[in-house]
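# An overview of the molecular structure
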Amino acid sequence: MLADVEKLVYLTWAPAGEKRDSHRDKLIDDCADELIHAGARGLSMNVKDSDAAVTSPSPGMTGREPFTAQVSIWLDNHDERAAYETILARYTQRYLGYLVTESLYTEYGENRHAKRRDWLDGLRSPGVMTVTLLEKPDYLIYESWIAHWYGTQSPVSEAMQPRTRYVRNAVVHAVSGDAPAYGGIVEEAWPSARHISDPYLFYDAPDLDGVAHNMRCMLQSVTGFLELSRIQNVTLSEYLLKTPQFEAG
């Protein structure tokens, strides 16, 4: 039984000069094994590799170098993270860590865009993952910001986009001293790379009028709680390496 576990999200950067697929293999094989052996209650990695070589829909204008992996670790207590960060440091050039509250909005098989998960831990998930970093604008109080994200943006995007999985990570606080103050980290899975690059598929619309209509609706919703220039999004491959098993308390 996993009760009261805490989720940590780490944004990581590959060592300089290391090829993407080589770095992926080291993360999902060696690094993952060490993290699980150290006692992680759950582990997933979204990694930049040749299988996710598609242009990001929102690369952003933050001036920050895009991360090359997102590592999610579930622990009994995030204060006991030092051993896990030591492992991450051996495989990455640098990392930024956040304690988050996870909200799984859509799981595989819960809509028409994907079947229920039938692949084992450790195998690459179908399709492509996008991970988006959200910054709360200064002019919004947190309660209004989170209410719009959860109550407006999530259902609007769910209704018009072909996501196969959607995980909302609301940031509680950073656990790295130099980490930017992100408000949220979003994980969205898509059926294929074309569903990101083709606007007809991305907006699930049959014609140009439908694309334009859905784009307007999306833009209105997104600008209600985010500044477009501050959104940073990276395309990655998803690996569910140790699925946490939760039971009702």
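Described in the following lines is the structure provided in the data block. The model shown is predicted, which means the values in this text are computed figures rather than measured ones.

### Considering the overall build of the protein chain
Looking only at helices and strands, the protein chain has six helices and eight strands in total. Counting from the amino terminus, the protein chain carries its helices and strands in the arrangement β-α-β-β-α-β-β-α-β-β-α-α-α-β. Taken over the C-alpha trace, the protein chain has a radius of gyration of 18 Å; the compact-globule value for 249 residues is 18 Å, and the two agree within 12%. Its C-alpha atoms put the protein chain at 50 × 45 × 35 Å along the principal axes. Buried positions account for 51% of the 249 residues belonging to the protein chain. Both charge centroids of the protein chain, one from 24 positive and one from 35 negative side chains, sit 3 Å from each other.

### Some points on helix H6 (residues 208–222)
Relative to the 21 Å expected for 15 residues at 1.5 Å per residue, H6 spans 21 Å between its end C-alpha atoms, a close match to the ideal helical length. Every buried residue belonging to H6 is among Gly210, Val211, Asn214, Met218, Ser221 and Val222, and all of these are buried. All buried residues of H6 fall inside an arc of 95° around its axis, so they share one side. Facing away from the buried surface of H6 by more than 90 degrees, the exposed residues are Leu208, Asp209, Arg216 and Gln220. The opening residue of H6, the one whose side-chain oxygen lies 3.3 Å from the backbone nitrogen of Asp209, is Asp207.

### Re unusual backbone geometry
Notably, Asp204 is not glycine yet its phi reads approximately 50°, a positive angle. Positionally, Asp204 belongs in the loop between helix H5 (199–202) and H6.

### Some details on the sheet that holds strand S8 (residues 232–242)
In sheet architecture, strand pairing relies on hydrogen bonds along the backbone and comes in two forms, parallel and antiparallel. With antiparallel pairing, the eight strands of this closed barrel are ordered in space as S1-S3-S2-S8-S5-S7-S6-S4. The mean inter-strand angle of the sheet, taken between neighbouring strand axes irrespective of direction, is 35°. Where strand S6 (residues 165–174) and strand S7 (residues 184–190) come together, six bridges link them in antiparallel fashion. Along S7, the bridge assignment pairs Val167 with Glu187. Together, strand S2 (42–47), strand S3 (69–75) and S8 form the strand contacts of helix H1 (residues 20–37), whose direction differs from that of S2 by roughly 165°. Its contacts with the sheet put helix H2 (residues 82–91) on strand S1 (6–13), S3 and strand S4 (94–106), and the angle it makes with S3 is roughly 160°.

### Overview of the pairing of S2
S2 sits mainly inside the fold: six of its six residues count as buried. Judged by which residues are buried, S2 turns out to be covered on both faces: Gly42, Ser44 and Asn46 on one side and Leu43, Met45 and Val47 on the other are all buried. Where S2 and S3 come together, six bridges link them in antiparallel fashion. Bridge pairing links Leu43 to Ile73 in S3. Pairing between S2 and S8: five bridges, direction antiparallel. Paired with Leu43 across the two strands is Lys242, which belongs to S8.

Cut-offs and rules
- The numbering scheme is per chain: residues are counted from 1 as the chain's sequence reads.
- Given that this is a predicted model, residues contribute local features only at a pLDDT of at least 70 and side-chain atom pairs are listed and counted only at 80 or more, while totals for whole chains, interfaces and linings are drawn from all residues.
- The side-chain quantities take in all heavy atoms of the structure and omit both hydrogens and water.
- Think of it this way: any DSSP run of H or I at least four residues long counts as a helix, any run of E at least two long counts as a strand, and we number them from the N terminus.
- Radius of gyration here is computed from C-alpha atoms only, and the compact-globule reference equals 2.2 Å multiplied by the residue count raised to the power 0.38.
- Relative accessibility under 20% of the residue-type maximum defines a buried residue, over 50% an exposed one, and the middle range a partly exposed one, all with a 1.4 Å probe and only protein chains included.
- Charged residues are defined narrowly, with Lys and Arg counted positive, Asp and Glu counted negative, and His plus the chain ends left uncounted.
- The atom standing in for a charge is NZ when the residue is Lys, CZ when it is Arg, CG when it is Asp and CD when it is Glu.
- Each helix should span, by expectation, one fewer than its residue count multiplied by 1.5 Å.
- When we speak of the arc, we mean the arc of directions from the helix axis to the C-beta atoms.
- Polar contacts, as counted here, are pairs of nitrogen or oxygen atoms within 3.5 Å of one another; within protein the pair requires one atom able to donate a hydrogen and one able to accept it, and residues that are adjacent in sequence qualify only if both atoms are side-chain atoms.
- Two strands pair under a simple rule: DSSP has to find at least two bridges between them.
- Between N-to-C directions, angles span 0 to 180 degrees; the directions come from axes that are lines fitted to C-alpha atoms, helices contributing only their stretch in contact.
- A contact between two residues is defined here by any heavy atoms of the two lying within 4.5 Å.

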